[in-house]
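Fold and contact review
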Amino acid sequence: MDRRDFLKTVAIAGAVATVQRSEAMDLLRQTFLDENNASVDLVAVMGGEPEAMFRKAIEEMGGMKQFVKPGQKVVIKPNIGWDKVPELAGNTNPKLVSEIIKQCFAAGAKEVTVFDHTCDDWQKCYKNSGIEAAAKAAGAKVMPAHLESYYRLVNLPQGKKLKSAKIHEAIMNCDVWINVPILKNHGGANLTISMKNLMGIVWDRGYFHQNDLQQCIADVCTLQKKPVLNVVDAYRILKTNGPRGRSEADVVLAKGLFVSPNIVAVDTAAARFFNQVREMPLDTVGHLANGQSLQLGTMDLDKLNVKRIRM
């Protein structure tokens, strides 16, 4: 798909304001259910900047105080896996991370910690992604994850392929944590979103790739200490050559955000959005169905109240 065709597709989805508003909303109505009288299960926001979209989304979810209580220790786990600047969409947008941190402190968090088990050199990833500076400026601590000594062995009795894993101590020591992936293409898993982002809390990721990647991604999500919220950054989408990306030619400015406590549902919604950018049927992202089978959430968005906001 060339750039012109892609932009046309995104416009139809509501991410680009070159079509009539009613047309964009009609397509979104075909994709998601919205019942105003029910509590909101999932929020999809289109067309804004990362901070503003999150503010709108968390407001619709009832505010950050629904997820973070006064005095709690909070961990925010973005994707910081690659030594890439924000414009190349290899990592979570630093502006989004900053806003989530601010919202946590506003809700009364005692402390907020940010970390990821990176693929490239961790210090370069933290710096060049812009996340380290953004997190510190917002008042959070930034913790490394490059040594095995940071991890503790945890049993995963519900796992089918992955029965245990060494999990980063930041997750084990916090009161609540928030999962903040970026939506992007992935050469092995086809897509990396919220469920796959949990590989960044694990020490031995090689096991996943050697033992049914799609099942292991679902298995690690059976961890008892689940994220209280999943925030999918779709502001920039890495549509090809993921997860690292090569150049800005791989990136599309889509201006989207998906938020839900339901990890399978939020990834399903984000995957549908990606499928409008580049064909990626849900059955090629096998960990979604695997997660549903493990009762981690639902792929059936018709059963949920999904709120759509266009800015």
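By convention here, each chain's residues receive numbers from 1 onward along its written sequence. Under the rules for a predicted model, residues below a pLDDT of 70 receive no local features and side-chain atom pairs below 80 are neither given nor counted, while totals for whole chains, interfaces and linings still include all residues. As a rule here, side-chain values come from all non-hydrogen atoms in the structure, and water together with hydrogens is ignored.

**A word on the packing of aromatic side chains**
Between 30 and 60 degrees the pair is tilted, below 30 it is stacked and above 60 it is edge-to-face, where a pair is any two Phe, Tyr or Trp rings, Trp via its six-membered ring, whose centres lie within 6.5 Å. Taken as a whole and assessed by the stated rule, the structure comprises 3 aromatic pairs. Seen from their ring centres, Trp122 and Tyr126 are 5.3 Å apart, and the 85° between their planes marks the pair as edge-to-face. With Trp122 and Tyr126 both in helix α5 (residues 122–128) and 4 residues apart, this pair spans about one turn of that helix. As far as burial versus exposure is concerned, Trp122 and Tyr126 are alike and both buried. Working definition: helices are DSSP H or I runs of at least four residues, strands are E runs of at least two. Numbering for both runs from the N terminus. The rule is simple: take the accessible area with a 1.4 Å probe, protein chains only, and divide by the maximum for that residue type; under 20% is buried, over 50% is exposed, in between is partly exposed.

**What about the nonpolar core?**
Core analysis: the biggest nonpolar cluster contains 97 residues, and Met64, Ile100, Cys104, Ile178, Leu183, Val231 and Phe258 have the highest contact counts within it. Considering each element in turn, this core owes the most residues, 9 residues, to helix α11 (residues 263–275). Only heavy atoms matter for contacts: two residues are in contact if any of them lie within 4.5 Å across the pair. Ignoring sequence-local partners within four residues, the contact set of Cys104 consists of Met64, Val68, Val74, Ile76, Ala109, Val112 and Ile178. Definition used in this section: a nonpolar core is a set of buried Ala, Val, Leu, Ile, Met, Phe, Trp, Tyr and Cys residues joined via side-chain atoms within 4.5 Å.

**Description of the confidence of the model for the protein**
pLDDT expresses, on a scale from 0 to 100, how confident the predictor is about each individual residue. Here the protein averages 91 in pLDDT, and 88% of its residues register 70 or above. The low-confidence segment residues 1–37, where pLDDT is below 50, has 59 contacts with residues more than four positions distant or belonging to other chains.

**Concerning the side chain of Lys196**
With respect to the helices and strands, Lys196 occurs in helix α8 (residues 194–197). None of His or the chain ends enter the tally, which takes Lys and Arg as positive and Asp and Glu as negative. Here a salt bridge means any side-chain nitrogen of Lys or Arg lying within 4 Å of a carboxyl oxygen belonging to Asp or Glu. Here Lys196 is buried and forms no salt bridge, its nearest opposite-charge partner Asp116 lying at an N-O distance of 9.4 Å. Nitrogen and oxygen atoms within 3.5 Å of one another constitute a polar contact, given that in protein one can donate a hydrogen and the other can accept it, and given that sequence-neighbouring residues count only through two side-chain atoms. Within the local environment of Lys196, its side chain forms a polar contact with the side chain of His186, the two groups lying 3.4 Å apart.

**Examining the side chain of Thr222**
Looking at the secondary structure, you find Thr222 in the loop between α10 (213–220) and β10 (229–238). Overall, the relative accessible area of 6% leaves Thr222 in the buried class. Of note is the side chain of Thr222, whose polar atom sits 2.5 Å from the backbone oxygen of Asp219. For Thr222, the contacting residues outside a window of four places in its chain are Leu156, Gln158, Gly159, Leu294 and Leu296.

**Details of the pairing of strand β2 (residues 73–78)**
Most of β2 is tucked away, with 5 of its 6 residues classed as buried. Where β2 meets strand β3 (residues 111–114), 4 bridges bridge the pair, whose relative direction is parallel. Its bridge partner lying in β3, Ile76 is registered against Val114. Following the backbone out of β2, through helix α4 (residues 94–106) and into the adjacent parallel β3, one traces a crossover that is right-handed. Sheet topology places β2 next to strand β7 (residues 176–180); 5 bridges connect them, and they run parallel. Across the sheet, the residue bridging to Val75 is Trp177, located in β7. Between any two strands, at least two bridges found by DSSP are needed for them to pair. Here a crossover is taken to be right-handed if, once the strands point away from the viewer, the path from the first strand over the helix to the second is traced clockwise.

**Looking at the packing of α10 against helix α12 (residues 286–293)**
Two numbers describe how α10 lies on α12: the axes approach to 8 Å, and their chain directions differ by 45°. The angle between α10 and α12 falls in the class oblique. Pair α10 / α12 crosses with right-handed handedness. Contacts from Gln214, Gln215, Ile217 and Ala218 of α10 reach α12 at Gly286, His287, Asn290 and Gly291. Polarity classes work like this: nonpolar for Ala, Val, Leu, Ile, Met, Phe, Trp, Tyr, Cys and Pro, charged for Asp, Glu, Lys and Arg, and polar for all others, with Gly in that last group. Looking at the contact of α10 with α12 residue by residue, the classes come out as 2 nonpolar, 6 polar and no charged. The axes are straight lines fitted to the C-alpha atoms, using for helices just the contacting stretch, and the angles between their N-to-C directions are given from 0 to 180°. Comment on the angle field: the value is read as roughly parallel under 35 degrees, roughly antiparallel over 145, roughly perpendicular from 65 to 115, and oblique elsewhere. Here a crossing is called left-handed whenever its near helix is offset anticlockwise from the far helix by less than a right angle, and right-handed whenever the offset is clockwise.

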